[in-house]
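# Overview (structure and organization)
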Amino acid sequence: NAGVMQNPRHLVRRRGQEARLRCSPMKGHSHVYWYRQLPEEGLKFMVYLQKENIIDESGMPKERFSAEFPKEGPSILRIQQVVRGDSAAYFCASSPLSGFNTEAFFGQGTRLTVV
Amino acid sequence: KNQVEQSPQSLIILEGKNCTLQCNYTVSPFSNLRWYKQDTGRGPVSLTIMTFSENTKSNGRYTATLDADTKQSSLHITASQLSDSASYICVVSADSSYKLIFGSGTRLLVRP
């Protein structure tokens with residue numbers, strides 16, 4: 001049972017381009033969470049998705065950012081028209097359930113650098 | 001405002017020594033507290049998870065304590081090894097447990 005798989009591990013984009021980050025949850029997990037880690041800071045919640053549904057996107061910027069978790073395939077975090085401030089590590093976590101004491105397993109992260 | 005503060009920010013110890021990392025939180029209502037280990041360039045890996053009613057939990061050489069009254073937690077590492085060098089992150093979950101609130105971490109360096 002592979003862990004949470006994120007790709008790419010490193011992504012370089014020029015300002016104004018689009019960044020697409022992928023996350024395949026652990027087998028059997030239907031809950032996916034995206035977090036962002038700016039340099040020297042803790043991880044910050046962005047969005048929580050279940051299959052085909054966005055449950056909570058309160059931590060995600062209203063503009064340029066979107067997330068999806070289709071019925072088939074990985075979860076995608078999309079950042080349009082990237083700016084330098086988007087440079088960060090983006091972590092995905094998955095869990096089999098949502099709720100009290102649910103353990104969440106993290107992927108290795110995607111390090112986005114905007115040049 | 002829900003916050004998690006950790007101290008010290010960084011720590012250097014000699015291999016074989018013990019150390020204790022601290023975490024204070026102002027998260028309400030409290031659901032659970034977790035300690036994660038994050039190696040450089042990797043995702044966080046869970047060490048322990050404690051609910052309101054638990055005041056200590058061990059995982060090998062790692063022992064976490066929780067005082068829900070004072071809203072403090074500690075992570076004690078016994079007989080440190082070089083592979084313990086990493087960031088240790090205190091994470092608190094509020095009522096809806098998926099919204100984990102992360103501390104900035106303590107960077108531990110174990111020297112031979």
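As a reminder, the structure under discussion sits directly above these lines.
I will try to describe carefully the structure that is included in this document. (Residues numbered from 1 in each chain as written. Chains lettered and ligands numbered in written order. Predicted model: local features only at pLDDT ≥ 70, side-chain atom pairs only at ≥ 80, totals over all residues. Heavy atoms only, no water.)

## Concerning the overall build of chain A
In terms of regular secondary structure, chain A is built from 0 helices and 11 strands. Counting from the amino terminus, chain A carries its helices and strands in the arrangement β-β-β-β-β-β-β-β-β-β-β. Against the globule reference of 13 Å for 115 residues, chain A gives a C-alpha radius of gyration of 13 Å, in line with a compact fold. Counting only C-alpha atoms, chain A reaches 40 × 25 × 25 Å along its principal axes. (Helix = DSSP H or I, 4+ residues; strand = E, 2+ residues; numbered from the N terminus. Rg over C-alpha atoms; globule rule 2.2 N^0.38 Å.)

## Describing the overall build of chain B
Scanning chain B for helices and strands turns up 0 helices and 11 strands. For chain B, the N- to C-terminal ordering of α and β elements is β-β-β-β-β-β-β-β-β-β-β. Computed over its C-alpha atoms, the radius of gyration of chain B comes to 13 Å, within 12% of the 13 Å expected for a compact globule of 112 residues. C-alpha atoms of chain B, sized along the principal axes, occupy 40 × 25 × 20 Å.

## Concerning the interface of chain B and chain A
Contacts between chain B and chain A engage 20 residues on the former and 23 residues on the latter. Summed over the shared surface of chain B and chain A, the number is 1 salt bridge. Measuring nitrogen to oxygen at the nearest pair gives 3.1 Å for the salt bridge that ties Arg107(B) to Glu40(A). Linking chain B with chain A are 4 residue pairs in polar contact (both at pLDDT 80 or more), by the criterion used here. Where the side of chain B that touches chain A is concerned, the elements lending two or more residues are strand E4 (32-38), strand E5 (45-51) and strand E10 (100-102) of chain B. Class assignment of the residues belonging to the side of chain B that touches chain A gives a composition of 6 nonpolar, 10 polar and 4 charged. (Contact = heavy atoms within 4.5 Å. Salt bridge = Lys/Arg side-chain N within 4 Å of Asp/Glu carboxyl O. Polar contact = N/O pair within 3.5 Å; in protein donor to acceptor, adjacent residues only side chain to side chain. Nonpolar A, V, L, I, M, F, W, Y, C, P; charged D, E, K, R; others polar.)

## Thoughts on the pattern of salt bridges
Side-chain pairing between opposite charges can occur once the charged atoms of the two side chains come close. All names here are of chain B. In total, this model carries 6 salt bridges over all chains according to the counting rule given. Note that Lys57 and Glu54 form a salt bridge whose closest N and O atoms lie 3.1 Å from each other. Owing to a relative accessible area of 27%, Lys57 belongs among the partly exposed residues under this scheme. In this structure Glu54 comes out as partly exposed when scored by relative accessible area, which is 25%. (Buried < 20%, exposed > 50% of the residue type's maximum accessible area, 1.4 Å probe, protein only.)

## Structural notes on the layout of surface pockets
To find leftover empty space, one rolls a probe the size of a water molecule over the atoms. Of the pockets and cavities examined, the largest pocket occupies roughly 700 Å³. In this structure, the largest pocket is lined by 29 residues; those nearest its centre are Gln37(A), Glu40(A), Gln38(B), Ser87(B) and Arg107(B). Listing elements by their share of the lining of the largest pocket, those giving two or more residues are strand E9 (88-95) and strand E11 (110-114) of chain A together with strand E2 (10-14), strand E9 (86-93) and strand E11 (106-111) of chain B. Its residues assigned to classes, the lining of the largest pocket shows 10 nonpolar, 13 polar and 6 charged. Its boundaries defined by the atoms lining it, the second largest pocket holds a volume of some 430 Å³. Along the wall of the second largest pocket there are 19 residues; nearest its centre are Leu43(A), Lys44(A), Asn2(B), Ile101(B) and Phe102(B). Of all the secondary-structure elements, those providing two or more residues to the lining of the second largest pocket are strand E5 (43-50) of chain A together with strand E1 (3-7) and E10 of chain B. Residues belonging to the lining of the second largest pocket are distributed by class as follows: 6 nonpolar, 7 polar and 6 charged. (1 Å grid on protein atoms, 1.4 Å probe; cavity = no way out; pocket = protein on both sides within 12 Å on 5 of 7 lines; lining within 4 Å. Points joined across faces, edges and corners; volume = space filled by probe spheres on them.)

## A look at the state of the cysteines
Residues and elements named next belong to chain A. In the structure shown here, the tally under the stated rule is 2 disulfides over all chains. Across the disulfide, Cys23 is cross-linked to Cys92 (sulfur-sulfur distance 1.8 Å). One disulfide, between Cys23 and Cys92, carries an S-S torsion of -50 degrees and so falls in the left-handed class. Note that Cys23 is positioned in strand E3 (residues 19-24) and Cys92 in strand E9, a separation of 69 residues in sequence. (Disulfide = S-S within 2.5 Å.)

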